[in-house]
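What follows is the residue order along each chain.
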Amino acid sequence: MNKAFIFDFDGVIINNEPAWEQAKEELYQRLFGKEVYLCLGSTLGINMDDIYKRAQKCGTRVSKKTFLKEFQSYAPKIYQSAPLAEGVDAIGQTLTDLGYKIAIVSASPMEWISIALKRTKLKKYLTYALSLYDRIDLPHKPAPDGYLEAIKILKASPKATCVLEDSNPGIESAKAAGVFAIGFQQNSIGHELKNADAYAKNLDEVVQILKKDISK
């Protein structure tokens, strides 16, 4: 049975949350209007489909097609320019040396993930990358299905798996899958991470956590 290390993507491998939050604030106000914008509240860690469902509950009459087209128009620039996590180029080799199979489970489309992965050496160490946006058969986080699918592909078990997440819905998803969840604080903005098994401010701290016996 393999050991598995699974990354969330946005806010973990790439520090794009500030850029996304700025883009979403502009988009929501322009597309939905101020009243719906204020009703939405924070959408950090929420996928596009669920953002639109919330906007509908807040009273928007904008079509989902229009919303998705507008939302997606921001992505290429953000994934090409947002800073990568410090140490991400080295982490693939380090995890491999520690005996881990590596994967990504993200709510973002694979098209966006691929743009950023081209900028880092992590790509060559990946065994699997899963886009929950593209896999419509799998429910989004906080459901555990994406992580359980990745664990199966990596031929690991939940007990032998560690997940790195930067949002509370992601941590909830990881815990529901039965894995060891690390809350990644390096890029977290405006929210407190809760209920993880451990917390790391950077990738060096992640490695130090892994060098301990996380199964205990």
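Before any of the text, the structure's been laid out above.
Cut-offs applied
Residues numbered from 1 in each chain as written. Predicted model: local features only at pLDDT ≥ 70, side-chain atom pairs only at ≥ 80, totals over all residues. Heavy atoms only, no water. Helix = DSSP H or I, 4+ residues; strand = E, 2+ residues; numbered from the N terminus. Polar contact = N/O pair within 3.5 Å; in protein donor to acceptor, adjacent residues only side chain to side chain. Contact = heavy atoms within 4.5 Å. Pairing = 2+ DSSP bridges. Axes fitted to C-alpha atoms, helices over the stretch in contact; angles between N-to-C directions. Disulfide = S-S within 2.5 Å. Buried < 20%, exposed > 50% of the residue type's maximum accessible area, 1.4 Å probe, protein only. Core = buried A, V, L, I, M, F, W, Y, C linked by side-chain atoms within 4.5 Å. Phe/Tyr/Trp six-rings, centres within 6.5 Å; stacked < 30°, edge-to-face > 60°.

**A few points about the side chain of threonine 120**
Structurally, threonine 120 is set in the loop between helix H7 (110-117) and strand S3 (126-131). A polar side-chain atom of threonine 120 sits 3.1 Å from the main-chain amide nitrogen of leucine 122. What threonine 120 contacts, discounting residues up to four positions off in sequence, is Leu84, Val88 and Asp89.

**Regarding the sheet that holds strand S5 (residues 180-184)**
Note: strands within a sheet are paired through backbone hydrogen bonds, in either parallel or antiparallel orientation. Pairing is parallel across the open sheet formed by 6 strands, whose spatial order is S3-S2-S1-S4-S5-S6. Every other strand in the sheet has two partners, leaving S3 and strand S6 (198-200) as the edge strands with one partner each. The sheet shows a mean angle of 25° between the axes of neighbouring strands, direction not considered. As paired elements, strand S1 (residues 2-7) and strand S2 (residues 100-106) share 5 bridges and run parallel to each other.

**Some details on the state of the cysteines**
This structure, assessed with the given rule, holds 1 disulfide. Paired by a disulfide, cysteine 39 and cysteine 58 hold their sulfur atoms 2.1 Å apart. Disulfide cysteine 39-cysteine 58: the torsion about the S-S bond is -75°, which places it as left-handed. Here cysteine 39, found in helix H2 (residues 34-40), pairs with cysteine 58, found in the loop between helix H3 (48-57) and helix H4 (64-72); they are 19 residues apart in sequence, far enough to count as distant. Given a relative accessible area of 44%, cysteine 39 falls into the partly exposed group.

**A closer look at the nonpolar core**
Core analysis: the biggest nonpolar cluster contains 53 residues, and Phe7 and Phe67 have the highest contact counts within it. Residue contacts for phenylalanine 7: discarding those within four places in its chain leaves Val12, Ile13, Ile91, Leu95, Ile102, Ala103, Ile104, Val105, Leu122 and Leu164. Listed in part, the 18 residues of the second largest apolar core include Val105, Tyr147, Ala174 and Ala177.

**Describing the packing of aromatic side chains**
Scanning all chains against the criterion turns up 12 aromatic pairs. With centroids separated by 5.5 Å and ring planes inclined at 35°, the aromatic side chains of tryptophan 20 and tryptophan 112 adopt a geometry described as tilted. Of the two residues, tryptophan 20 is situated in helix H1 (residues 17-32) and tryptophan 112 in helix H7; the sequence distance between them amounts to 92 residues. Here the two residues tryptophan 20 and tryptophan 112 agree in accessibility, since each one is buried.

Any link to function would need more than the numbers given here.
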